[in-house]
Amino acid sequence: MEDPDLPAIKASVGTTILRLINASQHTACPCHSPTHSHSHAGQRNAITQLRNFATPVNKVEKEYAFEVAASNLRFGDGVTAEVGMDLKNMKARKVGVFTDPNLAKLRPMQAALASLEAQSDLPFEVFDRVVAEPTEDSWRDAISWAREHDFSHFLAVGGGSVIDTAKAANLFTVYKDADLMDFVNAPIGKGLPISQSLRPLIAVPTTAGTGSETTGTAILDITSRSFKTGIANRAMKPVLGIVDTHNTESCPTAVHISAGLDVLFHSMESYTAIPYTERTPRPADPILRPAYQGSNPVADIFSLWALRTTVKYLPRIAKDRNDTEARRQMLLASSFAGIGFGNAGVHLCHGMSYPISGLNKKGPKYKHPGYVIDHPIIPHGIRCLDEYIFSVALTGPAVFQFTAPSSPDRHREALAIFTNSHITDPSITSISDRDIGAHLYEAIARFLDGLGVPRGLKAVGYTTGDLDALVEGTLPQRRVLDLAPGIGDVVGADGKEHLARILEQSMEY
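As the structure is a computational prediction, the values presented were derived from the model and not from experiment.

A.B. asks: Where do I start with the overall build of the chain in this structure?
C.D. replies: The number of helices and strands found in the chain is 17 helices and eight strands. By the burial criterion, 57% of the 509 residues in the chain qualify as buried.

This is how it looks when you write it as structure tokens:
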């Protein structure tokens, strides 16, 4: 007896075959759904015939390995004075020194220059035109200058903007004929691998925030598209980061807070990123393995330590910027978080912060009080007397409420840190997995309130009319979005609806 559903199935098969023949792209057959099953021979034959017409789909394999890469670090009071000896020991032929116009006049740069001048036969040139929130134009300026001088070594004295600019100048000194977009992260740029060895770079950070002294990441503002992106490759990391506790003494309180927020969310995002074993695709060659790999056991150690330290010491430095112990601990936390996110990656807070910062120049034109700059800026970078950060914080509460269901235990650990309790404390264990996100939302919001951070996007001038542009500016940030729980681990999803909801919830809190 013929199955009464068979005529309909045959009709569906015929329709789908025609659609496959006429379509310009492969369309998934509804019979491939795991919820659609058939048990009769006629049905099986029809499906088999249909599958013969379908384009074969290669299985995308997940990652199976992770790598750990970080700069050598030297930490101490006054260690900037050793940089000249380091470069001499490296047999530097000529050194390109990068800084910004403000830092050129301050103690960190003076100490670095004195150290260079103390060495015999160690020529150097200084580029002091680095701008806060580097752009394509400012990078091209620095790259052109560096190419003219053919430096054997590089030295960066400053915050993330300075260090990132020096990384770019180093890269394009080696790749003399390459275009800027050749190495910028895909899909914005070509995202080409770096196969040649770069020149040695020493980084001397002057803020406790970006952790750029430990990573191969460099960020720039694509002004034509009103968002930030960058280049992320292990080959770009400095050979040495000199973390001198004297170098943050001149930072105003607002900069300490902004910088500390970058540390906070570097550590939070890297710890809650999708596991490296969930990242796709598995690279066909190790040189193609991204620097941002997903959470992994080594990065977890550094990220958790940085998170605990920041929650403990950032409020202290906010009350008293001369708290020496707090400044020392935040510098360590910045470097630890750099090692964490430099190997695991960040996700939604940073992904959305790029258009929040970029669109501010054309839209709200918010300028945070206390910064030595002449243009609108929503801090997201942290450079002492240079570029600053809290755009990552504006979406923080909503982001981690969204990601909590993906890994309740990790978010529970974060909640315990924010509430100054232990993971085994009854106040933490009594919270159900489904409620962890709501509790963490409140804990992060209270922490930010205590630091005087603007309460959401509306507080810095954005309106609901800006949401579409913010979403569109976030979508190209695949390098970080693909590490976001609920987005990066969902095959074929771009996360647009989730991003819109998170940004809407971040208008005010």
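Still more to cover.
A.B. asks: What is the right way to read unusual backbone geometry from this model?
C.D. replies: With glycine set apart, most residues show a phi of negative sign, and most peptide bonds adopt trans. Residue Ala186 is joined to Pro187 through a cis peptide bond whose omega torsion reads 5 degrees. Here Pro187 shows up in the loop between helix H6 (160-174) and strand S5 (201-205). The residue after Thr280, namely Pro281, is reached through a cis peptide bond having omega -5 degrees. Within the secondary structure layout, Pro281 lies in the loop between helix H7 (253-272) and helix H8 (297-319). The phi dihedral of Glu133 is positive, around 55 degrees, even though this residue is not glycine. Judged by relative accessible area, Glu133 falls into the buried class, the value being 3%.

A.B. asks: Any chance you could explain the environment of Lys237 here in plain terms?
C.D. replies: With respect to the helices and strands, Lys237 occurs in the loop between strand S7 (227-232) and strand S8 (240-244). In contact with Lys237, other than residues within four places in its own chain, are Ala69, Ala70, Ser71, Thr214, Thr215 and Gly216.

A.B. asks: Would you explain helix H14 (residues 436-450) in this entry?
C.D. replies: For an α-helix, 3.6 residues make a turn, and residues three or four places apart therefore share a direction. Its 15 residues place the ends of H14 21 Å apart at the C-alpha level, agreeing with the 21 Å of an ideal helix rising 1.5 Å per residue. Taken together, the buried positions of H14 are Ile436, Gly437, Leu440, Tyr441, Ala443, Ile444, Ala445, Phe447 and Leu448. Summarising the contacts, the buried residues of H14 are in contact with H7, H8, helix H11 (396-403), helix H12 (408-418) and helix H17 (496-505). Just downstream of H14 lies Gly452, where phi reads positive at about 75 degrees.

A.B. asks: Quick question: what am I supposed to make of the pairing of S8 here?
C.D. replies: Taken residue by residue, a regular strand's side chains alternate between the two faces of the sheet. Most of S8 sits inside the fold, with five of its five residues counted as buried. Neither face of S8 is exposed, since Leu240, Ile242 and Asp244 on one face and Gly241 and Val243 on the opposite face are all buried. Looking at chain direction, strand S1 (residues 72-76) and S8 are connected through five bridges and run parallel. For Leu73, the partnering residue across the bridge sits in S8 and is Gly241. Relative to S8, S5 is paired through two bridges, and the arrangement is parallel. Each bridged residue has a counterpart across the sheet, and for Ile202 the counterpart in S8 is Leu240.

A.B. asks: Before we go on, may I ask you to explain the confidence of the model for the chain in this structure?
C.D. replies: Parts of the prediction with low pLDDT should not have their coordinates interpreted in detail. On average, residues of the chain score 87 in pLDDT, and 83% of them are at 70 or above. Taken as a whole, residues 6-56 scores under 50 in pLDDT and shows 33 contacts with residues more than four places along the chain or in a different chain. This model gives residues 375-388 a pLDDT under 50, and the stretch forms 97 contacts once residues within four places in sequence are excluded.

A.B. asks: Can you walk me through the nonpolar core in this structure?
C.D. replies: Generally speaking, nonpolar side chains in soluble globular proteins are found buried as a group. One finds Leu261, Phe265, Leu348, Phe418 and Leu448 to be the most contacted residues of the largest nonpolar core, which totals 66 residues. Broken down by element, the residue count for this core peaks at eight residues, all from H14. Leave out the neighbours within four places in its chain, and Phe265 touches Cys349, His350, Val392, Ala393, Gly396, Phe400, Ile444 and Leu448.

The rules behind the values
- Residues numbered from 1 in each chain as written.
- Predicted model: local features only at pLDDT ≥ 70, side-chain atom pairs only at ≥ 80, totals over all residues.
- Heavy atoms only, no water.
- Helix = DSSP H or I, 4+ residues; strand = E, 2+ residues; numbered from the N terminus.
- Buried < 20%, exposed > 50% of the residue type's maximum accessible area, 1.4 Å probe, protein only.
- Contact = heavy atoms within 4.5 Å.
- Expected span 1.5 Å × (residues − 1).
- Pairing = 2+ DSSP bridges.
- pLDDT = per-residue confidence, 0-100.
- Core = buried A, V, L, I, M, F, W, Y, C linked by side-chain atoms within 4.5 Å.

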